[in-house]
Amino acid sequence: MSLVVWSGLRYSDPRVIQEIITTGKLSKLEHFEIDEKVQTISLFGEVWGVGPATALKLYDKGHRTLDDLRNDDSLTNAQKLGLKYFDDIRQRVPRHEVQEMEQILQKVGEDVLPGVIIICGGSYRRGKATCGDIDIIITHPDGTSHKGFLPKFVKCLKDMNFLREDLIFSTHSEEVYPRDIYTFGLVAWTGNDVLNRRLRLQAESRGFRLDDTGFFPAIQGSGGKRGTKGTANMKLYTEREVFDFLGFPWLEPHERNL
Ligand code: CTP
Ligand code: MN
């Protein structure tokens, strides 16, 4: 007789046989079914634009594979693109490719708006060998001509087929940093996330709120946790000034992989 050993229980174990005889099922196997559900839902959740609630809804509709999802008309455009490029999006980009893309972006940016500053942040700026995506931080040194840059830049990149699809494109917000808050954008989009959290906690302990747009004095009486946008922002122009202001030891970008 062959023995099946699974999760430490032998199916020849008298307790297992007793359970099957008396209840007609095996509780361990129900766990297996739950595992299958959890696995399917987390797979669906890896599709761009599918969150946990949608993933569960798709499972409850009877979908079990990504091919099942491809035949579902209820998906949004972003979700359809998420499926179309499922493997592409999951694949990490080698560093040298990001470097090439940064150079193209800088060249096209310069053609659209002379003097524009375009930096790849995130894991690339922290020196990682591969990157999950490309995070771009943009500003212009004159403090004003960044306005309206992004739509023109995106159009150029689409015309040359560098950009092929929009997963999200928000037209109502100006997603280029004005020069006076750019440093905060650079720090926040370089990360990593652990460093961001530490910097924010340090700011809070000093009575400020820190985000990607600046330091804001915390409002009295709210436990020092919140500041409001629009209140006097600290004018800091370099990353070093931000670290110094917080009394946080300086870290080069490649030292920020905490
Ligand atoms: N970040 C942030 N605020 C956001 C989104 C991202 O502060 N709304 C930060 C993240 O904490 C991270 C950096 O911006 O430090 C880039 O985010 P992300 O691309 O998710 O992470 P990477 O570190 O670049 O890693 P990956 O290679 O996976 O892209
Ligand atoms: Mn990234």
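Residue positions are counted from 1 within each chain, in the order its sequence is given. The naming scheme follows written order: chains are lettered A onward, ligands numbered 1 onward. Selection of residues for local features in this predicted model requires a pLDDT of at least 70, selection of side-chain atom pairs for listing and counting requires 80 or more, and totals for whole chains, interfaces and linings are taken over all residues. Excluded from the side-chain calculations are hydrogens and water; all other atoms, namely the structure's heavy atoms, are used.

The condition that has to hold: UniProt positions are given in the numbering used here, feature names are shortened, and annotations may be inferred rather than shown by experiment.
The name an unreviewed UniProt entry assigns to the chain is DNA polymerase, from the organism Pisum sativum. Of the chain, the UniProt comment under Subcellular location (unreviewed entry) reads exactly: "Nucleus". The record held by UniProt for the chain lists under Sequence similarities (unreviewed entry) the comment "Belongs to the DNA polymerase type-X family."

**A few points about the pattern of salt bridges**
The following threshold applies: By salt bridge we mean one thing: a side-chain nitrogen of Lys or Arg within 4 Å of a carboxyl oxygen of Asp or Glu. The helix and strand labels rest on DSSP assignments: H or I over at least four residues marks a helix, E over at least two residues marks a strand, and numbering proceeds from the N terminus. We call a residue buried when its accessible area falls under 20% of the maximum for its residue type, exposed when it is over 50%, and partly exposed in between, using a 1.4 Å probe and counting protein chains only.
Applying the stated criterion to the full structure yields 11 salt bridges. For Arg125, the salt bridge is made with Glu239, and the minimal N-O distance between the two is 2.8 Å. Of the two residues, Arg125 sits in helix H8 (residues 122-125) while Glu239 sits in helix H12 (residues 239-246), which places them 114 residues apart along the sequence. The buried category is assigned to Glu239, whose relative accessible area is 9%. Salt bridges here are not isolated pairs; linked through shared partners, they connect Arg125, Glu239 and Arg256.

**With respect to the site of ligand 1**
Selection rule: We call a residue near a given molecule or strand whenever any one of its heavy atoms falls within 4 Å of it. Pairs of N or O atoms are called polar contacts if they sit within 3.5 Å, as long as, within protein, a hydrogen donor faces a hydrogen acceptor (for residues adjacent in sequence, only side-chain-to-side-chain pairs).
Near ligand 1 lie 15 residues; those nearest to it are Arg92, Ser123, Arg126, Gly132 and Asp133. Gly132 places a polar main-chain atom, nitrogen or oxygen, 2.8 Å from an oxygen atom of ligand 1. Contact distances for ligand 1 include 3.2 Å between an oxygen atom and a backbone N or O atom of Ala188. Elements with a minimum of two residues in the shell around ligand 1: H8, helix H10 (179-190) and helix H11 (193-205).

**Remarks on the coordination of the manganese ion (ligand 2)**
Expected angles at a metal are 109.5 degrees for tetrahedral coordination by four donors and either 90 or 180 degrees for octahedral coordination by six donors. The criterion, for reference: Counted as donors are N, O and S atoms no farther than 2.8 Å from the metal, or 3.2 Å for Na, K and Ca; water is not among the atoms, and sites may therefore look incomplete.
Only Asp133 (OD) and Asp135 (OD) from the protein coordinate the manganese ion (ligand 2), and they sit 2.0 to 2.1 Å from it. Owing to a relative accessible area of 42%, Asp133 belongs among the partly exposed residues under this scheme. For Asp135, a relative accessible area of 15% puts it in the buried group.

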